[in-house]
Amino acid sequence: MDKSLIDEITSEQGSSLVKNTISMMKDIKMNILAEGVETEEQLCLLQNMKCDYIQGFYFSKPLQKDDFVSFLKKHNS
């Protein structure tokens, strides 16, 4: 799911759109990746909506390959 949808997730309309998109994708057995998550509130809403994968600045800024490997080692021990 594009960041433009995630940016609106805290509004009533945006939340409904994201929730129904996730539901529709789950109905056809697809996994959902939410892009551009920047806040804890967005993260919690997506987790409650059973989003499969979540990425964005909330977790980390974009990283070079070596920095990414170090990040994974540090946070997945």
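Residues numbered from 1 in each chain as written. Predicted model: local features only at pLDDT ≥ 70, side-chain atom pairs only at ≥ 80, totals over all residues. Heavy atoms only, no water.

A. Structural detail: the overall build of the protein. For the protein, the count of helices and strands is four helices and two strands. Ordering the α and β elements of the protein from the N terminus gives α-α-β-α-β-α. Overall, the C-alpha framework of the protein stretches about 40 × 25 × 20 Å when taken along its three principal axes. Here the protein, with 77 residues, has 22% of them falling under the buried criterion. (Helix = DSSP H or I, 4+ residues; strand = E, 2+ residues; numbered from the N terminus. Buried < 20%, exposed > 50% of the residue type's maximum accessible area, 1.4 Å probe, protein only.)

B. Fine view of the pattern of salt bridges. Inspection of the entire model under this criterion finds three salt bridges. Here Asp-7 ties to Lys-3 by a salt bridge, and the two come within 2.7 Å at their closest N and O atoms. Taking the shortest distance from any N to any O, the salt bridge between Lys-3 and Glu-38 comes out at 3.4 Å. Placement of Lys-3 in helix H1 (residues 3–6) and of Glu-38 in the loop between strand S1 (33–34) and helix H3 (40–48) is noted, with a sequence separation of 35 residues between them. With relative accessibility at 30%, the residue Lys-3 sits in the partly exposed group. Through salt bridges with shared partners, one network takes in Lys-3, Asp-7 and Glu-38. (Salt bridge = Lys/Arg side-chain N within 4 Å of Asp/Glu carboxyl O.)

C. Layout of a nonpolar patch on the surface. A grouping of Leu-63, Phe-68, Val-69 and Leu-72 is seen on the molecular surface, where their side chains present a nonpolar patch of about 290 Å² in accessible area. Residue position: Leu-72 is located in helix H4 (residues 65–75). A relative accessible area of 34% places Leu-72 in the partly exposed class. (Patch = residues over 30% accessible without salt bridge, like charges linked within 9 Å, V, L, I, M, F, W, Y side chains within 5 Å. Areas by Shrake-Rupley, 256 points an atom, 1.4 Å probe, with all protein chains shown as cover.)

D. Region of interest: the packing of aromatic side chains. Across all of its chains, the model carries one aromatic pair by this definition. Ring plane angle 90° and centroid distance 5.2 Å describe the contact between Tyr-58 and Phe-59, whose orientation is recorded as edge-to-face. Residue Phe-59 is classed as partly exposed on the basis of its relative accessible area of 40%. (Phe/Tyr/Trp six-rings, centres within 6.5 Å; stacked < 30°, edge-to-face > 60°.)

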